[in-house]
2 protein chains.
Amino acid sequence: MSPKLAAATVLRPRQDAGPAGRIARSAATAQGAHLAPGEFHAWFAQRRAAHPFRVDRIPFAELEGWSTQRDTGNLVHRSGRFFSVEGLAVSVDGGPDGWHQPVIRQPETGILGILVKEFDGVLHCLMQAKMEPGNPNLLQLSPTVQATRSNYTKVHRGADVKYIEYFTRPERGAVLADVLQSEHGSWFLHKHNRNVIVEATGDVPPDDDFRWLTLGQIAELLRLDNVVNMDARTVLSCVPRTAAQSEPAALHSDAELRSWLTEARARHDVHAERVPLAGLPGWARDDSSIHHLEGRYFEVVAASVQAGSREVTGWTQPLIRPRGRGVVAFLTRRINGVPHLLAHARTEGGLRGTVEIAPTVMYTPDNYADVAAADRPPFLDLALSADPARVRYEATHSEEGGRFLDAQSRYLVIEAEEGQAPLDAPEGYRWLTPGQLSLFVQQGHCVNVQARTLMACLDAIGYGTDG
Amino acid sequence: MSPKLAAATVLRPRQDAGPAGRIARSAATAQGAHLAPGEFHAWFAQRRAAHPFRVDRIPFAELEGWSTQRDTGNLVHRSGRFFSVEGLAVSVDGGPDGWHQPVIRQPETGILGILVKEFDGVLHCLMQAKMEPGNPNLLQLSPTVQATRSNYTKVHRGADVKYIEYFTRPERGAVLADVLQSEHGSWFLHKHNRNVIVEATGDVPPDDDFRWLTLGQIAELLRLDNVVNMDARTVLSCVPRTAAQSEPAALHSDAELRSWLTEARARHDVHAERVPLAGLPGWARDDSSIHHLEGRYFEVVAASVQAGSREVTGWTQPLIRPRGRGVVAFLTRRINGVPHLLAHARTEGGLRGTVEIAPTVMYTPDNYADVAAADRPPFLDLALSADPARVRYEATHSEEGGRFLDAQSRYLVIEAEEGQAPLDAPEGYRWLTPGQLSLFVQQGHCVNVQARTLMACLDAIGYGTDG
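What you see is a predicted model; the values in this text were computed from it and never measured. (Residues numbered from 1 in each chain as written. Chains lettered and ligands numbered in written order. Predicted model: local features only at pLDDT ≥ 70, side-chain atom pairs only at ≥ 80, totals over all residues. Heavy atoms only, no water.)

Caption draft 1: Just the packing of aromatic side chains, in detail. Counted by the stated rule, this structure contains 24 aromatic pairs over all chains. Centroid distance A:Phe379 to A:Tyr429: 5.3 Å. Interplanar angle 75°. Geometry classified as edge-to-face. With a gap of 50 residues between them, A:Phe379 in the loop between strand S24 (361-363) and helix H8 (380-384) and A:Tyr429 in strand S27 (residues 429-432) connect regions that are remote in the sequence. Classification of A:Tyr429 as buried rests on a relative accessible area of 3%. Centre to centre, the rings of B:Phe188 and B:Phe404 are 5.2 Å apart; their planes meet at 65°, and the pair counts as edge-to-face. Within this pair, whereas B:Phe188 is found in strand S12 (residues 188-189), its partner B:Phe404 is found in the loop between strand S25 (391-398) and strand S26 (408-415), the two being separated by 216 residues in sequence. Aromatic ring contacts, followed pair by pair, group A:Phe40, A:Trp43 and A:Phe44 into a single cluster. If you follow A:Arg285 out to its NZ or CZ, it ends over the ring of A:Phe60, 4.8 Å from the centre. (Phe/Tyr/Trp six-rings, centres within 6.5 Å; stacked < 30°, edge-to-face > 60°. Helix = DSSP H or I, 4+ residues; strand = E, 2+ residues; numbered from the N terminus. Buried < 20%, exposed > 50% of the residue type's maximum accessible area, 1.4 Å probe, protein only. Lys NZ or Arg CZ within 6 Å of the ring centre and 35° of its normal.)

Caption draft 2: Quick look at the nonpolar core. Membership of the largest hydrophobic core comes to 68 residues, with the highest contact counts inside it found for A:Phe40 and A:Ile357. Top element by residues in this core is helix H10 (residues 449-460) of chain A. It accounts for seven residues. If we ignore the near neighbours within four places in the chain, the residues touching A:Ile357 are A:Trp260, A:Leu261, A:Ala343, A:His344, A:Leu432, A:Leu437, A:Phe440, A:Cys446, A:Val447, A:Asn448 and A:Ala451. If you look at the next biggest cluster of nonpolar residues, it comprises 67 residues, including B:Val116, B:Leu222, B:Trp315 and B:Ala451. (Core = buried A, V, L, I, M, F, W, Y, C linked by side-chain atoms within 4.5 Å. Contact = heavy atoms within 4.5 Å.)

Caption draft 3: Focus on the domain arrangement of chain A. Residues and elements named next belong to chain A. Examined at the domain level, chain A breaks down into domain 1 (54-86 + 278-322) and domain 2 (247-271 + 325-461). Placing the centre of domain 1 and that of domain 2 at their C-alpha centroids yields a distance of 30 Å. Contacts between the two partners involve 10 residues from domain 1 and, on the opposite side, nine residues from domain 2. Taken over both partners, the interface formed by domain 1 and domain 2 buries close to 840 Å², and the fraction arising from carbon and sulfur atoms is 55%. Counting the surface domain 1 buries against domain 2, the share from its top three residues, Arg 296, Leu 319 and Ile 320, is 46%. On the surface where domain 1 and domain 2 come into contact, there are zero salt bridges. For the side of domain 1 that touches domain 2, the class distribution of residues is six nonpolar, one polar and three charged. (Domains from an automatic or database assignment. Buried area = accessible area lost by both parts, 1.4 Å probe. Salt bridge = Lys/Arg side-chain N within 4 Å of Asp/Glu carboxyl O. Nonpolar A, V, L, I, M, F, W, Y, C, P; charged D, E, K, R; others polar.)

Caption draft 4: Focus on the pattern of salt bridges. Applying the stated rule across the entire model yields 44 salt bridges over all chains. Residues B:Glu263 and B:Arg267 are paired through a salt bridge, measuring 2.8 Å at the closest nitrogen-oxygen approach. Of this pair, B:Glu263 and B:Arg267 are both found in helix H7 (residues 254-267), four residues apart, which corresponds to roughly one turn of the helix. The class of B:Arg267 is partly exposed, set by a relative accessible area of 29%. Via salt bridges that share partners, A:Glu86, A:Arg105, A:Arg274 and B:Glu273 belong to a single interconnected network.

Caption draft 5: Summary view of the relation of the copies chain A and chain B. Aligned on chain B, chain A shows an RMSD of 0.0 Å; the corresponding rotation is 180° and the shift along the axis is 0.0 Å. A rotation of that kind, with that shift, is consistent with a two-fold axis. Looking at the rotation axis and the C-alpha trace of chain A, the residue lying nearest is A:Gln443, at 3.4 Å. (Least-squares fit on C-alpha atoms with pLDDT ≥ 70 in both.)

Caption draft 6: Highlighting the interface of chain A and chain B. Listed per partner, the contact involves 60 residues of chain A and 59 residues of chain B. Counting the surface lost from both chain A and chain B, the interface buries some 5000 Å², and carbon and sulfur atoms represent 48% of this. At the junction of chain A and chain B, the tally comes to two salt bridges. Close ionic contact of B:Glu273 with A:Arg274 constitutes a salt bridge, the shortest N to O distance being 3.4 Å. In this assembly, chain A and chain B are joined by six residue pairs in polar contact (both at pLDDT 80 or more). Elements that contribute at least two residues to the side of chain A that touches chain B include exactly strand S1 (12-13), strand S11 (173-182), strand S15 (249-250), helix H7 (254-267), strand S16 (270-275), strand S22 (338-347) and helix H9 (434-443) of chain A. It is H7(A) that provides the largest number of residues to the side of chain A that touches chain B, a total of 10 residues. Class assignment of the residues belonging to the side of chain A that touches chain B gives a composition of 22 nonpolar, 18 polar and 20 charged. (Polar contact = N/O pair within 3.5 Å; in protein donor to acceptor, adjacent residues only side chain to side chain.)

What follows is the structure in structure tokens.
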């Protein structure tokens, strides 16, 4: 119920130009009201010291609360909640191009939320210093709230999720963005989370693990390796864009790009079927890992966690540990002066829509080390050997540390030329503008999480606004 | 590959204002270039006479090519294609509010396509007179193309699908709309189809079963009972709207409405699990039907079909036959002069997104005949007893006749007032404008098929453009 409607009815503009303009101002503000330059790292180091935190690999037999289901071999939690590790059989057009893989099934919809508020006329984001067991450096900068349904409905039996009320009780603020986004379709089955940005209307109580930062301050941190976590990056990709960032003209119209994605989704019958983890073809299990027989892709492992700052003080859990570092890149070109990105319509077995818009390049090079040049994925070698002078953005980021152990990728934005990446793009690829990518992000379930990370990084370096 | 790009690069406007303006002109043109007033019905009667067509209920044992799977009791086709009838177990938040039902599983993505072309400066749609076994009057007006993947990849072993090349080979025309839309989440599991509108660039060969009609001519036919089929209605709901139809102000901003839908989708954990059709709780099977024990909802039946104008000349198939007629209605109000519709965020077990935007009312009254007033669905009685003076639109339409037997509903648009339908809408309901509904239709998988039918009807009666 919306109590505002009780009084005289006044229509409001359907598209509020306000937030986008204020977001641009926040992005341009490199000095926040609450944390002077240099103070961030001192605060972060202090948080790291305040919360002793230790992660150890353990055999599956030492998992507490988790067990291996007798009939399926699936890893499940005794509560029936959180998540399970199961098998997935993916088929394409009923033909031989399918595959089997372990997958994390987490059917709940969680909340990734950033609370924002104006200080001195500039929007600030309330960001959290949060430990997660899979992060290479454990502590990273996360959204205000990062909560599974189990978290905030107390299956965890731990402490309350701080600030959750701003996202579950909408009268506490004004919603700037609220959209369901997919996560890692190669590792999750049908996982998605609400990505929410709420502007607080009243005073917000302070907390030692949280600080208010402008978008400009966060942009600086996005240039560093492994500081801004995946959950923060995906929420940041959903901020409303300013009109200046939304180009009136592009190589393809919005309708053509929608049709391109629709056609890619309809072209193949991709079916992902849950199957028992036990006996999964191509995969083997020992005491402490479920791994691919040729050592590719990833392994499922178990870890014990000791921490002071999380909702509970210690636990054990399965994690997915990728083999090798990934490389994730958008190739870019200015077309008649307008920046464009080369997007890939990529199939992933765990995506609800089977195909989403992905970066140009998204591979683990180790998986292709012994593959002949002609059979290597398009543009991979270009990304691996890019002339540094053409690299517009480069940093290492890790994926969701609550589920993935040491899942690091080099994220790049690389300026290409016609000989490397023609405007007449190959089958499955299309040039689109950052504004068009943002349009798909606003819809939800159209842009994969790696492309959303690069979207946040593009915003952070002002790419698309300086042309 | 896009051969147009080979020449000098020229950016194009992201949003082409052209199609929307031309669509408005076509909608305003009640006299077509090819079929004078009155000629439509003569042509339609002639088509009906040209194709003798007969449908008979048969026992399941007389189905040809279909069989009952021994271990599951599912009804399947020997090709493994087309569709199957299986069991579905729906659970909500793991609690007792779940249910079991038969469901049609048809994992393929088909194409519903309307080919358009300008004659005398006015867009015309190429519409087909098509027989379908479940239609109460057998022959209805359908899109140019209405094809499952099995149809056009020849699993059917029948004739080619006419005009399919305009939709599978994009160089044959310009795409005006192309979006995946859900169908009947109460009867289908995860079914969706591409809804496509393509403008032909060259001459289009004529065919006796097809005629070019303006949107204005189709609008007249939408006022009649059971003439324009569901497939045509859903594609028509996807036409780009004119700027005049897209209101700048509304009761809720677009961002608020997106958040409303996102929250509704995230609030409950709705899980639909395929289970064997045999032994489905609450349902029984005899020789010729699978029916609900209390005679509610629908039954699964079998039919034999003899026809001359379809891709093959005769076949047998299962059909879903609803019990009773449905009533589907949008309540409307003018708020500060701007038309608004009362939308319902409705859960259906077979929807991929679990919740889509539905009309205010969408029920089979017979299912509630013996339900106490306090427990009847919101607004149902208002729709059943509406003052005729307040009914802005009313006609009976049937659902997809290829799968549903005699599935008729009374579609209504009813002007309401504050005492009947307050602006401060109940939980799960929100007022939105026709332009906002169209925005969600353009995204795909947000607006259910019944609401899309009413959207096409609203367009046909000019509702939302005359204020």
